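# Structure at a glance
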Amino acid sequence: MERQRKLMVAILSMLALIAVIAVVDIGLKIEKKTSSEMKIQIPEFGPGVGILRVEGPIEMSGNTGQFGIPNGAESIVSALGEMEKDSSIKAVVVRINSPGGTVAATQEIYQKLWKLRKKNIVLVASMGDVAASGGYYVASACNYIVANYGTITGSIGVIAFSPNLKRLFDRFGIQMNVIKSGKYKDILATHRDMTAAERSLLQEMIDLSYHKFVKDVALGRNMNQDEIIPVADGRVMNGESALKYRLIDQLGTFEDAVLKAKELAHLDPDAPVYEKQVTPFQQLFGSLKSLLSERYLPGTGHFYNPHRIEYRYIQ
Amino acid sequence: MKLETLKSLRWADYFIYTLSDPREFVRRARQKDPDPFFISFLIPCIVVLFDILAFSAAGRETGFFYYKISYGWIMLFIIALFKIGIYSSLVDLTAQFFGLKGNVREIIVVLNFSMFPGIFFLPLYYLSSVTGFAPGFFYVFFSIVFFIWSLLIFIQGVSEIHSIDFGKSFVMVVLPGIAAVLLIFLVFILFFIMLAGYAA
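Residues numbered from 1 in each chain as written. Chains lettered and ligands numbered in written order. Predicted model: local features only at pLDDT ≥ 70, side-chain atom pairs only at ≥ 80, totals over all residues. Heavy atoms only, no water.

## Things to note about the nonpolar core
- Within the largest apolar cluster, 56 residues are counted, with the highest numbers of intra-cluster contacts made by Phe15(B), Phe25(B), Phe113(B), Leu122(B) and Phe154(B).
- For Phe25(B), the contacting residues outside a window of four places in its chain are Tyr14(B), Tyr17(B), Thr18(B), Val109(B), Val110(B) and Phe113(B).
- Residues Ile109(A), Ala139(A), Val217(A) and Leu247(A) belong to the second largest nonpolar core, which totals 49 residues. (Core = buried A, V, L, I, M, F, W, Y, C linked by side-chain atoms within 4.5 Å. Buried < 20%, exposed > 50% of the residue type's maximum accessible area, 1.4 Å probe, protein only. Contact = heavy atoms within 4.5 Å.)

Here it is as structure tokens:
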């Protein structure tokens, strides 16, 4: 009985702690809202600009887990779908801070943006630190692209890589037993050298994805493919160079992008800006989860997955 | 003496038996070791606070939240006391109508403790709110679940107080509730008609 009493006291203490956490969380949300740069003088309803963020590596499901801020392609497409249905949203600023990601996930976001563009919802891309490769692919779907002078962009190209650990395995006398149904089943295997046939197969896939990339960028930027191919050799460039090659439209900040979106959508300069709020706990869980993500090799900062073809700028 | 009672954790038995065996809870409450009457008022106090927090987490966060958890908490607690007083009196009146002995003090204790499951609403709803997993659905779902649970505890408690079966206790508990709802509805209609008449 004594044990049960102590358990009940523990439960009541936990409940008290939860109440304190709830008060702190709600208090933090209120502080965050009241200290926002967008002041209350802006009306909180009516036609305005929606903000969508594409941050980090682009993958289908994202890497922040259930408790973090949803950031995968699926959640981005879902957010775009909500904006599409919301009659208050006349323009969308896509804030991109991404080195790119998988081909499929990037194309999902690109296609969804095109859908909005066809419905005459103004899309303005605002580039942050990095909007390269897949990040640029997504931006190219927008009507207008704004980047900072120092934004790293470009890197138009496709990559697939995996480590070749054959010599390491040989050194330690490690052998792999592979039983497979087809000769290409263990393509990109790390324990052996790649064959010429495998290389040729992968190269074909890479080339197809590359041509698709160039075609879609040309479509989005209203340019000929011949104008893009000379700079679509995987090179990165800063905002200034990108402007020179007409890969972007303007040098400016996020604020400039928002103002441009309002201008293109014929909105008042003080039209509201709508952005989905995240709770402090979602931010905390999200950052913890991405730090502890098992997909990252500790200390390298590189994403390791030998079986993917990606539009990604490798930093 | 009070500190010894607090340290002994015998008061925790009331919470344990409220959830596990309401009839045993009533038997222990009668022993008054310690007297559960004043302890019981802690529960509506905490439930009201948790309701405010859950409602605030569900809605838009504005500076009004600080008023809600200070003045709002006091006001809602007083309203809760008022409702507890009236409802327990009605249940006691119904019991006397059925020829049973009136004991409104015990009924107040059971009614207060029957609200204890409502304290678990906040952590469960908060989990769905933070994960963004159907918070609206779970708000309604948990509200219904804990209401039914509290009702069952109260019915069993009243059944044990008057040594009657569950069915009779169910009628004694639900009847005043239905009567009160009907009365409020009729008053509302009357008020509305008066307003319409005044506007005309």
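## As for the confidence of the model for chain A
All names here are of chain A.
- Confidence in the prediction of chain A, expressed as mean pLDDT, is 83, and 81% of residues score 70 or more.
- The lowest-confidence element of chain A is helix 10 (residues 280-291), averaging 55 in pLDDT; the highest-confidence one is strand 5 (residues 144-147), averaging 96.
- Predicted confidence is poor over residues 293-304, with pLDDT under 50, and the contacts of this stretch with residues over four places away or in other chains come to 20 contacts. (pLDDT = per-residue confidence, 0-100. Helix = DSSP H or I, 4+ residues; strand = E, 2+ residues; numbered from the N terminus.)

## A short note on the interface of chain B and chain A
- Listed as interface residues are 29 residues of chain B and, on the opposing side, 28 residues of chain A.
- Between the two partners, chain B and chain A, sit one salt bridge.
- When the shortest N-O distance is used, the salt bridge between Asp13(B) and Arg5(A) registers 2.8 Å.
- At the level of secondary structure, the elements contributing two or more residues to the side of chain B that touches chain A comprise helix 2 (12-20), helix 5 (42-58), helix 6 (64-97) and helix 8 (121-131) of chain B. (Salt bridge = Lys/Arg side-chain N within 4 Å of Asp/Glu carboxyl O.)

## Section: the packing of aromatic side chains
- Applying the stated criterion to the full structure yields 25 aromatic pairs over all chains.
- When the ring of Phe121(B) is compared with that of Tyr125(B), the centres are 6.0 Å apart and the planes differ by 10°; the resulting orientation is stacked. On the criterion of helical spacing, the pair formed by Phe121(B) and Tyr125(B) is a turn pair, its members being four residues apart in helix 8.
- What makes Phe121(B) buried here is its relative accessible area of 6%.
- Taken together, the aromatic side chains of Phe121(B), Tyr125(B), Phe133(B), Phe137(B), Phe138(B), Tyr139(B), Phe141(B), Phe142(B), Phe146(B) and Trp149(B) make up a single cluster linked through ring pairs.
- One Lys or Arg, Arg117(A), reaches over the ring of Trp114(A) and ends 4.6 Å from the middle of that ring. (Phe/Tyr/Trp six-rings, centres within 6.5 Å; stacked < 30°, edge-to-face > 60°. Lys NZ or Arg CZ within 6 Å of the ring centre and 35° of its normal.)

## A look at helix 3 (residues 22-31) of chain B
All names here are of chain B.
- When we look at burial in helix 3, the residues that qualify are Pro-22, Glu-24, Phe-25, Val-26 and Ala-29.
- Tucked inside the fold, the buried residues of helix 3 contact helix 2, helix 4 (36-40), helix 7 (104-114) and helix 9 (135-162).
- Two residues or fewer past helix 3, Lys-32 is found with a positive phi of approximately 55°.

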